[in-house]
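Architecture and fold: a report
Chain by chain, the residues:
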Amino acid sequence: MLIAGGRLIDPLQDIDSLLDVRIHAGTVAEIGPHLHASAGEDVFDATGCCVAPGFIDMHVHLREPGEQEKETIQSGTAAAAAGGFTAVACMPNTKPALDTPQRIQNVVGLARAASFAHVYPVAAITAGRMGKDLLDYRALHKAGAVAFSDDGATVMNAAVLRDAALAAAGVAGAFISHCEDAALKGSAVMHAGKTSQALSLPAAGGVVEDVIVARDLLLAEDTAKKWHIAHLSTRRGVELVQWSRTRGGNATCEVTPHHLLLDDEAVARLGAEAKVNPPLRSSDDAAALRSAVRDGTIDVFATDHAPHSFADKAGGMLHAAVGFSGLEVALGTYALAVPDLSLRRFVELLSVNPARILGVRGGTLRVGSPADITVFADRQWKVDPQAFYSEGKSTPFAGWTLPRKAIATIIDGHLVISNGSLATADTLA
Ligand code: DOR
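A brief report on the enclosed structure follows. Please read all numbers here as calculations on a predicted model, not as lab measurements.

About the criteria used
- Residues numbered from 1 in each chain as written.
- Predicted model: local features only at pLDDT ≥ 70, side-chain atom pairs only at ≥ 80, totals over all residues.
- Heavy atoms only, no water.
- Helix = DSSP H or I, 4+ residues; strand = E, 2+ residues; numbered from the N terminus.
- Rg over C-alpha atoms; globule rule 2.2 N^0.38 Å.
- Buried < 20%, exposed > 50% of the residue type's maximum accessible area, 1.4 Å probe, protein only.
- Contact = heavy atoms within 4.5 Å.
- Areas by Shrake-Rupley, 256 points an atom, 1.4 Å probe, with all protein chains shown as cover.
- Lys, Arg positive; Asp, Glu negative; His and termini not counted.
- Charge placed at Lys NZ, Arg CZ, Asp CG, Glu CD.
- Expected span 1.5 Å × (residues − 1).
- Arc of directions from axis to C-beta.
- Near = heavy atom within 4 Å.
- Polar contact = N/O pair within 3.5 Å; in protein donor to acceptor, adjacent residues only side chain to side chain.
- Salt bridge = Lys/Arg side-chain N within 4 Å of Asp/Glu carboxyl O.
- Pairing = 2+ DSSP bridges.
- Axes fitted to C-alpha atoms, helices over the stretch in contact; angles between N-to-C directions.
- Phe/Tyr/Trp six-rings, centres within 6.5 Å; stacked < 30°, edge-to-face > 60°.
- Lys NZ or Arg CZ within 6 Å of the ring centre and 35° of its normal.

Looking now at the overall build of the chain. The helix and strand tally for the chain stands at 14 helices and 23 strands. The C-alpha atoms of the chain give 20 Å as radius of gyration, which agrees with the globular expectation for 429 residues (22 Å, within 12%). Along the first, second and third principal axes, the C-alpha atoms of the chain reach 65 × 45 × 45 Å. By the burial criterion, 59% of the 429 residues in the chain qualify as buried. Considering only contacts within the chain whose residues lie at least 6 apart along the sequence, 75% involve residues at least 24 apart. As displayed, the chain has an accessible area near 15700 Å², and 52% of this comes from carbon and sulfur atoms. The centroid of the 37 positive side-chain charges in the chain is displaced by 3 Å from the centroid of its 47 negative side-chain charges.

As structure tokens, then:
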């Protein structure tokens, strides 16, 4: 296949220019201006589009095993591809949790059998994500885990987390911290502020997150483990990451679209459609996160795609499930949140950095690389959750007009998504 006429953005090759990309046998075969299509070669016209190394969402909840009514590996990866992602890392808060090599292998096997994007499982840090018993990190990594996290929960005992990090010291795969102090959070269902007061809802402030961000940055320093802070949501969290870097720390961090674009007032308008962990914070926190994207503090855009059924989201702020779908609105919401961000940095946050942090293939379209490619364009479109490939139709962005979208998603040289729709009913297998 030839991807012709597009603007190729490949930061690792320092490329940002009109160049065609030839794909052969699943890999990038040639890059150059005005390449000629050979006989029988398919041509994808990328005129007016950007062509980038495949986007990787390193924070996704696929609900398999255990909660396939919310999402399956197949529906979640269809949503990923539709959103422009060629790969996702999936979190271990499935039922049961991904805490044994066998369970990791099962996810890898299910994904191989029927998925629309590459799937990299993240294994738990503690057995059952209960925060107590350590696991065999080497065996989990060997089985296919690319990172470790009790995501959805925080490992609350600092000694357990330190011992886990020391046990995993020689194992590739970062620790990914979900930062919420359970005791400080108590029964809070949203951020504490004027809105929580007006709604008389149990609430807690950003300190819930900040104490764990600080703790985990210190543990990263003391254990020398590769470390990544998930879904940063506070100004002080940003400052703590900056502080750790002045000390030579190299922990990385991510931000979600919803924490960049929304604040706690959204709960008054949207109710449980805006219920998420960590919660939507103040407008000042959101502004600090947008600055942190611009100044380089934030390493990764990650959605925390958390699909739930309609019934699970229907219980009001006190009882509804936490989180919402993110994959299919990601590119548009990031572009809306930071419209002045350079496309080079956009690609770094969505491809180069997640590939590096996870230690997985991708992040560049150097000749010889796997042909995992995202074609996107600045085109306005309106969010209709009913059209999502994800089983999770809940999103605080329903009805929003977004300025950027995925045009094509090419995985292993196959056109999986074209103009927002699955180009094939066939999975990658
Ligand atoms: O909002 C969230 N939903 N945050 C999490 O950490 C977990 C996720 C889920 O699994 O639903």
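Still to come is the rest of the account.
On to helix α11 (residues 283–294). Look at α11: 17 Å from first C-alpha to last across twelve residues, which is about the 16 Å you get at 1.5 Å a residue. When α11 is considered as a whole, its buried residues turn out to be Asp-285, Ala-286, Ala-288, Leu-289, Ala-292 and Val-293. All buried residues of α11 lie within an arc of 160° about the axis, which places them on one face of the element. Looking at the buried positions of α11, the neighbouring elements they touch are β13 (190–191), α8 (235–246), β16 (252–255), α9 (257–261), β17 (300–301) and α14 (343–358). Gly-296 lies just past α11 and shows a positive phi near 95°.

Once that is clear, we can look at the site of the ligand. Taken together, 13 residues sit near the ligand, with Arg-63, Asn-93, His-178, Asn-277 and Val-322 positioned nearest. Contact distances for the ligand include 2.8 Å between an oxygen atom and a side-chain N or O atom of Arg-63. One of the side-chain N or O atoms of His-308 is found 3.0 Å from an oxygen atom in the ligand. Here the ligand has 290 Å² of accessible area as a free molecule, and 93% of this is covered by the chains.

This part is about the side chain of Asp-304. For Asp-304, the location among the structural elements is in the loop between β17 and α12 (316–319). Here Asp-304 sits buried without a salt bridge, and the closest side chain of opposite charge, Arg-63, lies 7.2 Å off (N-O distance). A polar atom in the side chain of Asp-304 sits 2.9 Å from the side chain of His-61. With sequence-adjacent residues up to four places away left out, Asp-304 is seen in contact with His-59, His-61, His-231, Thr-256, His-258, Asn-277 and Phe-324.

With that settled, consider the side chain of Asp-210. As for its position among the elements, Asp-210 is in helix α7 (residues 207–223). Here the side chain of Asp-210 touches Thr-234 through a polar contact of 2.6 Å, side chain to side chain. In this structure Asp-210 touches Thr-234, Arg-236, Gly-237 and Leu-240, once residues within four positions along its chain are discounted.

The eight strands are arranged β8-β9-β10-β11-β12-β15-β16-β17 in an open sheet whose pairing can be described as parallel. Only two strands of the sheet have a single partner each, and these edge strands are β8 (55–60) and β17. Of the strands in this sheet, β9 (85–90) and β10 (118–123) touch helix α2 (residues 101–113), which is tilted by about 170° from β10.

Within the secondary structure layout, Pro-96 lies in the loop between β9 and α2. Between the C-alpha atom of Pro-96 and that of Glu-67, which follows or precedes it by 29 residues, the distance is 9.7 Å. Once residues within four sequence positions are removed from consideration, Pro-96 is found in contact with Pro-65 and Arg-103.

Our focus in this paragraph is the sheet that holds strand β21 (residues 405–411). Sheet strands pair via backbone hydrogen bonds, and the direction of the pair is either parallel or antiparallel. Read from one edge to the other, the open sheet built from seven strands follows the order β3-β2-β7-β18-β21-β22-β23, with strand pairing classed as mixed. Two strands lie at the open edges of the sheet, namely β3 (15–18) and β23 (421–422), each paired on one side alone. When β21 meets strand β22 (residues 414–418), the two strands line up antiparallel, connected through four bridges. Looking across to β22, one finds that Thr-409 is bridged to Ile-417. Across the face of the sheet, helix α1 (residues 73–82) comes into contact with β21, β22 and β23 while running at roughly 80° to β22.

This model, assessed by the stated rule, comprises ten aromatic pairs. Aromatic side chains Phe-397 and Trp-400 sit 4.8 Å apart centroid to centroid with 85° between the ring planes, which places their arrangement in the edge-to-face category. Among the aromatic residues, ring-to-ring pairing joins Phe-55, Phe-301, Tyr-334, Phe-346 and Phe-376 into one connected group. Sitting above the plane of the Phe-346 ring, Arg-404 keeps its charged end 4.4 Å from the centroid.

Shape descriptors only; they carry no functional weight alone.
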